[in-house]
Amino acid sequence: GTGYAAAQPYDPRAGGSAEYYRRACALQDAALELLRVGVADRISQTSAQVQDTLNLPRVPIAADKLEASLVYTRFHGISRRSNALLSVARERLDALGPGSVASSSYEDLMSLCRGAYCSAREALLTSTVRMHMDTLRERHGLVGMTRLASVFLIRLCNVETALYLDFFG
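Residues numbered from 1 in each chain as written. Predicted model: local features only at pLDDT ≥ 70, side-chain atom pairs only at ≥ 80, totals over all residues. Heavy atoms only, no water.

What about the nonpolar core?
In terms of nonpolar packing, the biggest core is built from 38 residues, with I43, V71, Y72, F75 and F167 touching the most fellow members. When residues of this core are traced back to their parent elements, those giving at least two are α2 (18-54), α3 (70-96) and α4 (101-168). It is α4 that provides the largest number of residues to this core, a total of 20 residues. Residues contacting F75, with those up to four places away along its chain left out, are I43, T46, S47, L70, Y117, A120, R121, L124, L163 and F167. (Core = buried A, V, L, I, M, F, W, Y, C linked by side-chain atoms within 4.5 Å. Buried < 20%, exposed > 50% of the residue type's maximum accessible area, 1.4 Å probe, protein only. Helix = DSSP H or I, 4+ residues; strand = E, 2+ residues; numbered from the N terminus. Contact = heavy atoms within 4.5 Å.)

Encoded structure:
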């Protein structure tokens, strides 16, 4: 395979048989795959479902309805399980210590999950934020938009930070 087992050389000084080592590597690869499917793929699937349901980005969500929309409720719904799975990966990473091939596989997994999360959130929020900024500029001019947009963006960032921590905190 191309995962951990393929990247980790067999070290006879480590004790045990080559077959035991091969099986341990295969189990490691299977665990990483289950974690990837359980977190990164789930985030991507949820994002696609929300986009399809809400017709995003073609139809942006009204800013005052954003927090109660599926953009947040569906992600909050998957955050607890995702956090539990990521905790397993973090614990394993801590147990392995830095520098090993196995720890780099877990670091890659964590990076993949963060990337999937950030891409999903960007895809879900961009059109709504852009539309709200444009609306504020049209209604209140540049100065008024700046003041009102600051309040909106601070609130959005607080909600996004809390959601991020629900996943990765």
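Read on, since the account is not over.
Some words on unusual backbone geometry
Here the residue pair L56 and P57 is connected by a cis peptide bond, since its omega of 0 degrees sits within 30 degrees of zero. Mapping P57 onto the fold places it in the loop between α2 and α3. In the Ramachandran plot, N55 falls in the positive-phi region, its phi being about 60 degrees despite a non-glycine side chain. Along the polypeptide, N55 turns up in the loop between α2 and α3. By relative accessible area, N55 is classed as partly exposed at 29%.

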